[in-house]
Amino acid sequence: ARAGGGFGPVADDGYGVSYMIAGENTMFFHVSSKFSSSETNSQRFGNHIRQALSDIADLFKVTKAES
């Protein structure tokens, strides 16, 4: 399931990004960019967001040695 919505980039070489918190463990992001820009790539940027959130989640995981 995916949430719709969002907005476009305000600069030709920028991104439009919106997000929605849809529960305790769910967030939706809408990333857009212009195809005419060789500087932007919405898929790549979305992957970076996903990785950053995963890295942050890892910081909060408690290992058995710590508990």
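The rules behind these values
- Residues numbered from 1 in each chain as written.
- Predicted model: local features only at pLDDT ≥ 70, side-chain atom pairs only at ≥ 80, totals over all residues.
- Heavy atoms only, no water.
- UniProt positions renumbered as here; feature names shortened; annotations may be inferred.
- Helix = DSSP H or I, 4+ residues; strand = E, 2+ residues; numbered from the N terminus.
- Buried < 20%, exposed > 50% of the residue type's maximum accessible area, 1.4 Å probe, protein only.
- Areas by Shrake-Rupley, 256 points an atom, 1.4 Å probe, with all protein chains shown as cover.
- Pairing = 2+ DSSP bridges.
- Expected span 1.5 Å × (residues − 1).
- Polar contact = N/O pair within 3.5 Å; in protein donor to acceptor, adjacent residues only side chain to side chain.
- Salt bridge = Lys/Arg side-chain N within 4 Å of Asp/Glu carboxyl O.
- Patch = residues over 30% accessible without salt bridge, like charges linked within 9 Å, V, L, I, M, F, W, Y side chains within 5 Å.

An unreviewed UniProt entry annotates the chain as Carnitine O-palmitoyltransferase 1, muscle isoform originating from Mesocricetus auratus. Word for word, the UniProt comment on the chain under Function (unreviewed entry) is "Catalyzes the transfer of the acyl group of long-chain fatty acid-CoA conjugates onto carnitine, an essential step for the mitochondrial uptake of long-chain fatty acids and their subsequent beta-oxidation in the mitochondrion."

J.: So what about the overall build of the chain? Which residues, and what values?
T.: Helix and strand counts for the chain stand at one helix and two strands. What you see in the chain, going N to C, is helices and strands ordered as β-β-α. Looking at the 67 residues of the chain, the share that counts as buried comes to 13%. Here the chain has roughly 5600 Å² of accessible surface; of this, 55% comes from carbon and sulfur atoms.

J.: So, the pairing of strand β1 (residues 15-21): which residues are in play, and what are the values?
T.: Direction of pairing for β1 relative to strand β2 (residues 27-33): antiparallel, over a ladder of seven bridges. Bridging across to β2, Met20 finds its partner in Phe28. Once β1 ends, the chain turns through five residues before running back antiparallel as β2, passing Gly23 with a positive phi of about 145 degrees.

J.: So what's going on with helix α1 (residues 42-60)? Which residues, and what values?
T.: Here α1 spans 28 Å end to end across 19 residues, near enough to the 27 Å set by a 1.5 Å rise per residue. The opening residue of α1 is Asn41, an N-cap whose side-chain oxygen sits 3.1 Å from the backbone nitrogen of Gln43.

J.: Now, about the pattern of salt bridges: what can you tell me, with residues and values included?
T.: Taken as a whole and judged by the stated rule, the model has two salt bridges. Measuring nitrogen to oxygen at the nearest pair gives 3.2 Å for the salt bridge that ties Lys61 to Asp58.

J.: Before we move on, could you go through a nonpolar patch on the surface and cite the residues and values that matter?
T.: Nonpolar side chains collect at one region of the surface, where Tyr19, Ile21, Met27, Phe29, Leu53, Ile56, Leu59 and Phe60 lie side by side and expose about 880 Å² of accessible area between them. Of all the secondary-structure elements, those providing two or more residues to the nonpolar patch are β1, β2 and α1. Per element, the largest residue contribution to the nonpolar patch is four residues, and it comes from α1. In this structure, Ile56 sits in helix α1.

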